[in-house]
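Observations on the model geometry
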Amino acid sequence: MKQIAVLPTQKARLITYYKHTWCNTRLSQIVNSIFILTTIIVVNSMFPNIAGASQNKVVDLRFSDATDLARLVLEVEQDVKFTYFSLKSPDRVVIDLQNVNRNFKFSSLNITGNKVDRIRHSTPKSKQDTRIVIETTKKLDPRLFVLSPNSDGSRSDNYRLVIELVDPNPPPIPIMSSNSSTISGDGPIRDKDIIVVIDAGHGGVDPGSIGPAGTYEKHITLSISKMLARRINEEKGMRAVLTREGDYYISPNERPRIAVRENADLLVSVHADAFTTPQPRGGSVWVLSKGRADSELGRLLEQTERSSELLGPAAEVIEDRDTERYFAETILNMSMDLFRALSYELSNEIISDMKSVTRMHKKTPQSASLAVLTAPETPSVLVEVGFISNPQEEKNLLWAEHRQRLANSMFTAIKRYFKKTPPDGTLWAKLKNQAPVEHKVKSGESLSILAQRYGVSVKELKVQNQLKSDLLRINQVLIIPQ
Ligand SMILES: [Zn+2]
């Protein structure tokens, strides 16, 4: 989505100034307000003019409501041009779709949650167009973008117009959510896949750093994130979720919320570094600093009226109200420390793989106060893939093969980390805890026959059983790799 409204240079400079401290809430407020101002006059101008082409059709509709946003997805046959604006009392968002047939109904939509009251048609300015009105229960920030067919690995042949209505003041992130759902048994069933949230840094009005040849960090981060997502989705037992799938703005605070919402096992945020001089180069990996973790903890406790709500079932054993906060802090501190330790461990794994595909600026994990890394129960790391301000590294980052190598190195590290310590309740944990499958060799059986029967390779069989040759003895016991 291209914003045709031009940012005042002053604000653009401000964004550049803050590009790597974008955790700073001031930036997010500034960018938010710019975004809100511009959305009123935004026109999606990325797609060629389709006037004169046959009328576009809406072929499917979906609605969902999450803690921090409501989402309406329209599947359309062709690219779609749109404009939109917000109105007050009552709060509503009006969307005009150009050259789209209005012969579809919203009555089949199951509108859940508490953000949207009603979605309806209204009279468009031109007969060719369709006007949609979304009546909301409070002021929500609209965010619209188009996904092209198969752009995110989905098998849909249609374009998708995604309309997201973001709650500017969402309820606080729930902590200990996975614990309480396990114990009470009425929470969502744990996905058996290991879920990795991949966060492409920056986007939309926030370009991130800009290289000397004019390369935008936001494009590099999205490309690498998608490459990493593809590798993860190809792996059985793992699933990737992208925080953004196109070029649009997401506030720094919203990114960890996505990890919480997805019940993620890991959040990886992808960035490219920049400096005021061209010399610095190399990658680095970052975790949340202890100070920030502690202040996040304080903030979470402040936000919650009763700290027992944070503790879930643990609160039942803490009856003395005076000591409650102390216990809450201690338990949450331990939890924060644990997830910081896991993040640190994973960072080391990533560094050990990344250094074979790129120079490293820092050889040990670094820590900083970054909003994106504050999901309370999710190990979170931020990877700087190189300095976009260094002309050679900018060139490298523009090379798809180099980006793929970076994505591969992150993938290998993440996979190794989860092989060692698979999260509870996942397929990988189950496989790891299973008793080994054994096979007693019978007459006429060979390594290749057994490999085929158990769906493994001959090489894996040999490695698992430390076999030096292909010969098997009758009654020899082999361990079948999982
Ligand atoms: Zn960045």
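Only a predicted model underlies this, so the values are computations on that prediction, with no experimental measurement involved.

**Here's the deal with the overall build of the protein**
Tallying secondary structure elements over the protein gives 13 helices and 16 strands in all. Relative to its full complement of 482 residues, the protein shows a buried share of 37%. Put simply, 73% of the contacts in the protein that link residues at least 6 apart link residues at least 24 apart.

**Here we look at the sheet that holds strand S12 (residues 284–288)**
With respect to topology, 6 strands assemble into an open sheet ordered S10-S9-S11-S14-S12-S13, the strand pairing being mixed. Each end of this open sheet is capped by a strand with a single partner; those strands are strand S10 (238–242) and strand S13 (366–368). With strand direction ignored, the average angle separating the axes of adjacent strands in the sheet is 30°.

**A word on the sheet that holds strand S1 (residues 58–65)**
The 4 strands lie next to each other as S1-S2-S8-S7, forming an open sheet whose pairing is antiparallel. The open sheet terminates on both sides in strands that have one partner only, identified here as S1 and strand S7 (141–147). When the angles between neighbouring strand axes are averaged without regard to direction, this sheet yields 15°.

**A short note on the environment of Val-73**
Summarising the element assignment, Val-73 is placed in strand S2 (residues 69–76). If we skip the residues at most four places from it in the chain, Val-73 touches Arg-62, Arg-160 and Val-162.

**Regarding helix H9 (residues 391–398)**
Where H9 is concerned, the buried positions are Glu-393, Glu-394, Asn-396 and Leu-397. Burial along H9 is one-sided: seen end-on, the buried residues are contained in an arc of 160°. The secondary structure elements touched by the buried residues of H9 are helix H4 (217–234), strand S11 (266–273), strand S14 (380–387) and helix H10 (400–420).

**What to know about the pairing of S10**
Where strand S9 (residues 194–200) and S10 come together, 5 bridges link them in parallel fashion. The partner of Val-196 across the bridge, within S10, is Ala-240. Handedness of the crossover joining S9 and S10 through H4: right-handed.

**Topic: the nonpolar core**
Core analysis: the largest hydrophobic core is formed by 57 residues, its most contacted members being Val-196 and Met-410. If sequence neighbours within four positions are ignored, Val-196 has contacts with Ile-232, Met-238, Ala-240, Ala-264, Asp-265, Leu-266, Val-268 and Ile-414.

**Let's talk about the packing of H4 against H10**
Taken N-terminus to C-terminus, the directions of H4 and H10 make an angle of 45°; their axes are 9 Å apart at the nearest point. If you check the angle between H4 and H10, you find them oblique. Relative to H10, the crossing made by H4 is right-handed. Where H4 approaches H10, its residues Ser-223, Ile-224, Met-227, Leu-228, Arg-231 and Ile-232 are matched on the opposing element by Arg-403, Gln-404, Leu-406, Ala-407, Asn-408, Met-410 and Phe-411. For the contact of H4 with H10, the residue count by class is 8 nonpolar, 3 polar and 2 charged.

**Some points on the confidence of the model for the protein**
Where the model shows low pLDDT, its predicted coordinates should not be examined in detail. Taken over all residues, the pLDDT of the protein has a mean of 78, while the share at 70 or more is 74%. Low confidence marks residues 174–191, where pLDDT is under 50. Its contacts with residues over four positions away, or in another chain, come to 19 contacts. Here residues 304–319 is a poorly scored stretch, pLDDT under 50, and it has 27 contacts once near neighbours within four places are set aside; other chains count.

**With respect to the environment of Lys-363**
Within the element layout of this structure, Lys-363 appears in the loop between helix H8 (321–354) and S13. Separated by 12 residues in the primary sequence, Lys-363 and Ile-351 place their C-alpha atoms 6.9 Å from one another.

**A look at unusual backbone geometry**
Between Ser-89 and the following residue, Pro-90, the backbone shows a cis peptide bond with an omega angle of -5°. Among the secondary structure elements, Pro-90 is positioned in the loop between strand S3 (82–87) and strand S4 (92–97). The phi dihedral of Ser-89 is positive, around 30°, even though this residue is not glycine. With respect to the helices and strands, Ser-89 occurs in the loop between S3 and S4. Here the phi dihedral of Asn-475 falls at roughly 75°; this positive angle occurs in a residue that is not glycine. Relative to the elements of secondary structure, Asn-475 occurs in the loop between helix H13 (458–464) and strand S16 (477–480).

About the cut-offs
- Residues numbered from 1 in each chain as written.
- Predicted model: local features only at pLDDT ≥ 70, side-chain atom pairs only at ≥ 80, totals over all residues.
- Helix = DSSP H or I, 4+ residues; strand = E, 2+ residues; numbered from the N terminus.
- Buried ≥ 20, exposed ≤ 12 C-beta atoms within 10 Å, placed from the backbone.
- Contact = placed C-beta atoms within 7 Å.
- Pairing = 2+ DSSP bridges.
- Axes fitted to C-alpha atoms, helices over the stretch in contact; angles between N-to-C directions.
- Arc of directions from axis to C-beta.
- Right-handed = clockwise from strand over helix to strand, strands pointing away.
- Core = buried A, V, L, I, M, F, W, Y, C linked by C-beta atoms within 7 Å.
- Parallel < 35°, antiparallel > 145°, perpendicular 65-115°, else oblique.
- Left-handed = near helix turned anticlockwise from the far one by under 90°.
- Nonpolar A, V, L, I, M, F, W, Y, C, P; charged D, E, K, R; others polar.
- pLDDT = per-residue confidence, 0-100.

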